[in-house]
Amino acid sequence: MNYQDTVNWMFKQLPMYQNQGKSAYKVDLSNSILLAKYLNHPEKHFKSIHVAGTNGKGSTSHMLASILQEAGYKVGLYTSPHLKDFRERIKINGKEVSKQFVIGFIKRNFSFFKKNPLSFFEMTVGMAFDYFKKQNVDIAIVEVGLGGRLDSTNIITPEISVITNIGFDHTQFLGNTYEAIAKEKAGIIKPKVPVVIGQTQDETKDVFIEIAEQNSTEVYFADQLISENFESDLRGNYQKHNIKTVVQTIKVLNNQKQFFVSQAQLINGLTNIISNTGLKGRWQILQNNPKVICDTAHNKEGLYYVMKQLEEEDFQELHIVYGIVNDKDLDAILPLLPKYATYYFCKPDIPRGMDAKQLQNEFLKNGFKGRCYNSVNEAFNSAFQSASPEDLIYVGGSTFVVAEII
């Protein structure tokens, strides 16, 4: 199999959450543990920072990687989902895993995969951990895929566990109260491993304190401890929360005396995230005249900040190219979106994308205006043709919509 064949084969394996949603969610870690054992436990051969949370965990992970790269370390970075190419999920010092490694990993372990049907995500986590071990990284930043307690990544014992915040997303797996979701995310907390919480929330604070106490470890609420503001090359206003989380995490890491990051390296890391790691899709300005901005925010908490920032922009008319996946809570999202904008409804090109006509009907019922299109690109091209140089086009609603135009 060549690279494309290999990736296609992986995508076709047992449920992939990105495509199928709820049916892809596994209820235990048995497969991840089985694969780790077969691979001789690569996760025990590198140090790590584990990052969970409803919003901001991708940005936070890339920030941490960038800062540690600036400090001279060889840094693995595991994130999901990818925007364009599968290899974006597994990087070392900003460089994607080679096609050869992807092909070789599946080829070497093919008989095991045939005998033990693993999900796409379980295989990918095994591949990342095997790669980080073989490449002898100093530290890996590992982003949780979904939740925490039962996530395939949750076989590591990190130096620090990070939980950015708690919001309503994936409630069909994680619970429909802040407390229930917090308990799932707090499943990454390990005995005597310090925990950094990004945002203090009344509904979840006690959950984290209690679970940290059960694990005999310290918990740090970054928003209460970090008052200094830092610049970043990520332009989203919401990044200020992630930056505080990251600064507190680096402080805790420095205190452990195994790694050292200077103030200058911290500042350089925060201002060179895109060039150091290749992060895309976070308040990304694709062009000017007309200005085109895309952002992967896709739930109530994420969109709240993005829509506030959109209001601060100067434009004549606002065009919004919008598509979502079918498990999103539209009732929570619609009140945040501007009714004066013209909408271009589309379905992201994945099986669980919401039908554009259905999306349009929901919006029209609630007093919005717009047309639906056969694809994301068709919607974007229509917005582009309709926009004057003074207008603004925003593309969002889903990571998978952004992926198609980036």
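Residues numbered from 1 in each chain as written. Predicted model: local features only at pLDDT ≥ 70, side-chain atom pairs only at ≥ 80, totals over all residues. Heavy atoms only, no water.

> Can you walk me through the packing of aromatic side chains in this structure?
Given two aromatic rings, their pairing is described by the distance between the two centres and the angle made by the two planes. Taken as a whole and judged by the stated rule, the model has 23 aromatic pairs. Taken together, a centroid distance of 6.2 Å and an interplanar angle of 40 degrees make the contact between Trp9 and Phe113 tilted. Of this pair, Trp9 sits in helix α1 (residues 3–12) while Phe113 sits in helix α6 (residues 110–115), and the two are 104 residues apart along the sequence. By the burial criterion, Trp9 is buried, and Phe113 matches it. Centre to centre, the rings of Phe46 and Phe129 are 5.6 Å apart; their planes meet at 65 degrees, and the pair counts as edge-to-face. You can see Phe46 sitting in the loop between α3 (30–38) and β1 (47–52) and its partner Phe129 sitting in helix α7 (residues 120–134), a full 83 residues away along the chain. Judged by its relative accessible area of 7%, Phe46 is buried. Accessibility expressed as a relative area gives 1% for Phe129, which makes it buried. Among the aromatic residues, ring-to-ring pairing joins Trp9, Tyr38, Phe46, Phe101, Phe105, Phe110, Phe112, Phe113, Phe129, Tyr131 and Phe132 into one connected group. Above the ring of Phe101, the side-chain terminus of Arg108 is found at 5.5 Å from the ring centroid. (Phe/Tyr/Trp six-rings, centres within 6.5 Å; stacked < 30°, edge-to-face > 60°. Helix = DSSP H or I, 4+ residues; strand = E, 2+ residues; numbered from the N terminus. Buried < 20%, exposed > 50% of the residue type's maximum accessible area, 1.4 Å probe, protein only. Lys NZ or Arg CZ within 6 Å of the ring centre and 35° of its normal.)

> Sorry if this is basic, but what is going on with the sheet that holds strand β4 (residues 95–96) here?
With respect to topology, 8 strands assemble into an open sheet ordered β4-β3-β2-β5-β1-β6-β7-β8, the strand pairing being mixed. Each edge of the sheet is formed by a strand with only one pairing partner; in this case those strands are β4 and β8 (219–221). With 5 bridges connecting them, β1 and strand β5 (residues 139–143) associate as parallel partners. Looking at β5, one finds that Val51 is bridged to Glu143. Contacts from α7 reach β2 (75–78), β3 (90–92) and β5 within the one sheet, and its direction differs from that of β3 by about 15 degrees. With respect to the sheet, helix α12 (residues 239–255) is in contact with β1, β6 (160–163), β7 (195–197) and β8, its orientation differing from that of β6 by roughly 170 degrees. (Pairing = 2+ DSSP bridges. Contact = heavy atoms within 4.5 Å. Axes fitted to C-alpha atoms, helices over the stretch in contact; angles between N-to-C directions.)

> What's the story with the side chain of Gln239 in this structure? I'm lost.
As for its position among the elements, Gln239 is in helix α12. Only 3.1 Å separates the side chain of Gln239 from the side chain of Ser59, close enough to count as a polar contact. The residues contacting Gln239, other than those within four sequence positions of it, are Ser59, Met63, Leu234 and Arg282. (Polar contact = N/O pair within 3.5 Å; in protein donor to acceptor, adjacent residues only side chain to side chain.)

> Can you help me understand the sheet that holds strand β10 (residues 291–294) in this one?
Hydrogen bonding along the main chain pairs the strands of a sheet, whether they run parallel or antiparallel. Taken in spatial order, the 6 strands of this open sheet run β9-β10-β14-β11-β12-β13, and their pairing is mixed. Lying at the two open borders of the sheet, with one neighbouring strand each, are β9 (284–287) and β13 (369–372). Taken over all neighbouring pairs, the strand axes of this sheet differ in orientation by 20 degrees on average, direction set aside. Note: β10 against strand β14 (residues 392–396), 4 bridges, orientation parallel. Residue Cys294 lies in a different strand from β14, and its bridge partner there is Val395. Taken strand by strand, helix α17 (residues 356–365) contacts β11 (318–322), β12 (342–345) and β13, and its axis lies near 170 degrees from that of β13. Running at roughly 175 degrees to β11, helix α18 (residues 376–386) makes contact with β9, β10, β11, β12 and β14 of the sheet.

> What am I meant to see in the nonpolar core here?
A general tendency of soluble globular proteins is for nonpolar side chains to be buried together. If you look at the biggest cluster of nonpolar residues, it comprises 34 residues, and the most contacted ones within it are Phe113, Met127, Phe129 and Phe132. Going through the elements one at a time, α1, α3, β3, α5 (99–108), α6, α7 and β5 are the ones with two or more residues in this core. Considering each element in turn, this core owes the most residues, 9 residues, to α7. Apart from the residues lying within four places of it in its own chain, the contact partners of Phe113 are Trp9, Leu35, Phe105, Ile106, Leu118 and Met123. One finds Phe259, Val261, Leu266 and Leu279 within the second-largest nonpolar core, a separate group that totals 32 residues. (Core = buried A, V, L, I, M, F, W, Y, C linked by side-chain atoms within 4.5 Å.)

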